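Residues per chain, in single letters:
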Amino acid sequence: MGEHAVEITRVADTQWHAVEDDRVVGRGYASRRPDGRNFLSIDAWHDAVFDQLADVMLRDLPKPLYAVIDEADRDLTSNWERAGFTTRRREWEYLVPTDPRVTGLGSVLPPSGVSIVAVGEAAEGPLRKLDREIRDEVEATVGWQEMPAEVLTRPNGDTLLDPSKYAVAAQSGKYVGLVRVAPVIRQPRIGLIAVRSDQHRRGIARALLAHVLGSLHRCGIETASAEVNESNGAAMALFEGVGARRASSNLELVLR
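Just so you know, the residues in each chain are numbered from 1, in the order the chain's sequence is written. Totals for whole chains, interfaces and linings use all residues, but because this is a predicted model, local features are given only for residues with pLDDT of at least 70 and pairs of side-chain atoms are given and counted only at 80 or more. Derived side-chain values reflect all non-hydrogen atoms in the structure, with water molecules and hydrogen atoms excluded from consideration.

**Some thoughts on the overall build of the protein chain**
Just so we agree on the cut-off: Secondary structure is summarised from DSSP: a helix means a run of H or I of at least four residues, a strand means a run of E of at least two, and numbering begins at the N terminus for each. Whether two residues are in contact is decided by their heavy atoms: any pair within 4.5 Å suffices. When charges are counted, Lys and Arg contribute as positive and Asp and Glu as negative, whereas His and the chain ends are disregarded. By convention, charge coordinates are those of NZ in Lys, CZ in Arg, CG in Asp, or CD in Glu.
Each helix and strand in the protein chain was counted, giving six helices and twelve strands. The C-alpha extent of the protein chain, read off along each of the three principal axes, is 75 × 35 × 30 Å. Sequence-distant contacts in the protein chain: of pairs separated by 6 or more residues, those separated by 24 or more amount to 67%. Within the protein chain, the 37 negative side-chain charges are centred at a point lying 7 Å from the centre of the 32 positive side-chain charges.

**Some words on unusual backbone geometry**
Cut-off, in case you're wondering: Think of it in three bands: residues with accessible area under 20% of the maximum for their type are buried, residues over 50% are exposed, and the middle band is partly exposed, with areas taken using a 1.4 Å probe on protein chains only.
Note that the residue after Lys63, namely Pro64, is joined by a cis bond; omega there is 5°. With respect to the secondary-structure elements, Pro64 resides in the loop between helix 1 (47–60) and strand 5 (65–70). Even without a glycine there, the phi angle at Asp22 is positive, about 65°. Looking at the element boundaries, Asp22 is found in the loop between strand 2 (15–20) and strand 3 (23–32). On the basis of relative accessibility, which here comes to 76%, the residue Asp22 falls in the exposed class. Backbone geometry at Ser172 places phi at a positive 50°, although glycine is not the residue there.

**Details of the sheet that holds strand 2**
Backbone hydrogen bonds hold the strands of a sheet together, and the pairing may be parallel or antiparallel. Heads up, the condition is: Any two strands between which DSSP finds at least two bridges are classified as paired. Comment: axis = line fitted to C-alpha atoms, over the contacting stretch for helices; angle = value between 0 and 180 degrees taken between N-to-C directions.
Spatially, the twelve strands line up as an open sheet ordered 1-2-3-4-5-12-6-11-10-9-8-7, and their pairing is mixed. Both outer strands of the open sheet, strand 1 (6–12) and strand 7 (114–117), are each paired with one neighbouring strand and no more. Within this sheet the neighbouring strands show an average axis-to-axis angle of 25°, counted without direction. Note that strand 10 (residues 189–195) and strand 11 (residues 223–229) share two bridges and pair parallel.

**Here we look at the packing of aromatic side chains**
For the record, the criterion: Here the aromatic set is Phe, Tyr and Trp, taking the six-membered ring for Trp, and pairing holds for ring centres within 6.5 Å; pairs whose planes are under 30 degrees apart are stacked, those over 60 apart are edge-to-face, and all others are tilted.
Considering all chains together, one arrives at four aromatic pairs under this definition. Residues Phe39 and Tyr66 carry aromatic rings whose centres are separated by 5.3 Å and whose planes lie at 25° to one another, so their mutual orientation is stacked. You can see Phe39 sitting in strand 4 (residues 38–44) and its partner Tyr66 sitting in strand 5, a full 27 residues away along the chain. Overall, the relative accessible area of 4% leaves Phe39 in the buried class.

**Focus on a negative patch on the surface**
The cut-off we apply is this: A patch is a set of surface residues, each over 30% in relative accessible area and not in a salt bridge, joined within 9 Å for like charges and within 5 Å for the nonpolar side chains Val, Leu, Ile, Met, Phe, Trp and Tyr. Here the open area of atoms and residues is found with the Shrake-Rupley method and a 1.4 Å probe, where only the protein chains shown may cover a residue. Criterion for a salt bridge: a side-chain nitrogen of Lys or Arg within 4 Å of a carboxyl oxygen of Asp or Glu.
Taken together, Asp47, Asp70, Asp73 and Asp75 make up a surface patch of like negative charges. Relative to the assigned elements, Asp70 resides in strand 5.

**Remarks on the nonpolar core**
Cut-off, in case you're wondering: The nonpolar core is taken to be a set of buried Ala, Val, Leu, Ile, Met, Phe, Trp, Tyr and Cys residues, with the residues joined through side-chain atoms within 4.5 Å.
Val96, Ile190, Leu209 and Phe239 are the most contacted members of the largest nonpolar core, which has 29 residues in total. If you list the elements that add at least two residues to this core, you get strand 6 (86–97), strand 8 (166–171), strand 9 (174–182), strand 10, helix 5 (204–218), strand 11 and helix 6 (233–240). Looking at this core element by element, the count peaks at seven residues for helix 5. Ignoring any residue separated from it by four or fewer positions in sequence, one finds Phe239 in contact with Val96, Ile190, Ile193, Leu209, Ala226, Val228 and Ala244. Judged by nonpolar contacts, the second largest core, of 23 residues, contains Leu53, Ile69, Trp80 and Phe85.

**Section: helix 1**
Note the threshold: An expected span of 1.5 Å times one less than the residue number is assigned to each helix.
Compared with the 20 Å implied by 1.5 Å per residue over 14 residues, the 20 Å span of helix 1 between its first and last C-alpha is a close match. Within the span of helix 1, buried status applies to Val49, Phe50, Leu53, Ala54, Val56, Met57 and Leu58.

**Remarks on helix 4 (residues 124–139)**
The test is simple: Each direction from the helix axis to a C-beta atom contributes to the arc, which is the arc of those directions.
Between its terminal C-alpha atoms helix 4 stretches 22 Å, which fits the 22 Å expected from 16 residues at 1.5 Å a residue. Inspection of helix 4 places Leu127, Leu130, Asp131, Ile134, Arg135 and Val138 among the buried residues, and these make up the whole buried set. Projected onto a plane normal to the axis of helix 4, the buried residues spread over an arc of 135° and lie on a single side. Each element contacted by the buried residues of helix 4 is listed here: strand 8, strand 9 and strand 10.

**Quick look at the environment of Glu139**
Inspection of the secondary structure assignment puts Glu139 in helix 4. For Glu139 and Asn229, which are 90 residues apart along the polypeptide, the C-alpha to C-alpha distance reads 16 Å.

**What about the packing of helix 1 against helix 2 (residues 74–82)?**
For any two helices packed against each other, one specifies the crossing angle of their axes together with the interaxial distance. How we decide: When describing relative orientation, an angle under 35 degrees is termed roughly parallel and one over 145 degrees roughly antiparallel, while 65 to 115 degrees is termed roughly perpendicular and anything else oblique. Left-handed describes a crossing whose near helix is turned anticlockwise from the far helix by less than a right angle; the clockwise case is right-handed. All residues other than Ala, Val, Leu, Ile, Met, Phe, Trp, Tyr, Cys, Pro, Asp, Glu, Lys and Arg, Gly among them, are scored as polar; the first ten of these are nonpolar and the last four charged.
Close contact between helix 1 and helix 2 brings their axes to 10 Å; oriented N to C, the two are set at 40°. Of the possible angle classes, the one that applies to helix 1 and helix 2 is oblique. For the pair helix 1 and helix 2, the sense of crossing is right-handed. Across the interface between the two elements, Asp47, Phe50 and Asp51 of helix 1 pack against Leu76, Asn79, Trp80 and Arg82 of helix 2. In terms of residue class, the contact of helix 1 with helix 2 is made up of three nonpolar, one polar and three charged.

Read these as layout, nothing more, since geometry by itself doesn't imply function.
Now the structure itself:
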């Protein structure tokens, strides 16, 4: 770093500064996710400053520690690997067409006895009950920590903050499947598709996807986005089967 020493200071519980000659040349942050895990980020002018920030932060914080990075950023990936982090999982971001002529979903209907309740029209009580049932099923298998960060459990145990973002599949007066649509400007995000385990392989997830994509298309939106864990083969097959293409990927790194 030339002739000036870099000083690393913890300026808050979750923030560190690297200062060289009275200039801040790097910042480190820690944030606790709703599931209790600590995620780190570092913004530094030079690799040497990154290394010094990482060294101090790793001494200050209890492990395990996590970071999320764009896989295409090879320099940043190398920095975290140099600090001892390894890849825990990969999440693909898909761009999903909405035009039924492209997706092939124009003629898709829910299975017999199942109806689709549009986004924002689901009854909150039954929706929360389904959310808890699905969460329990996921916890018993891969674990809820494998879900996108936006649907992780909050400190009060809640995973459903805004019922107006959900469409559901209903059968015999009960909700059996849901899809979460975040209304991001220009490119809405499909944050979660889930169906109760006793209703798998009936085409409910495909019918939910057909419904929300068709609705977006009628509103003039050409493309939605979705993030899918690489280990979730069923979800990847669902999106790739309607013409979605991989746009980028994020890596979740861990230091244990």
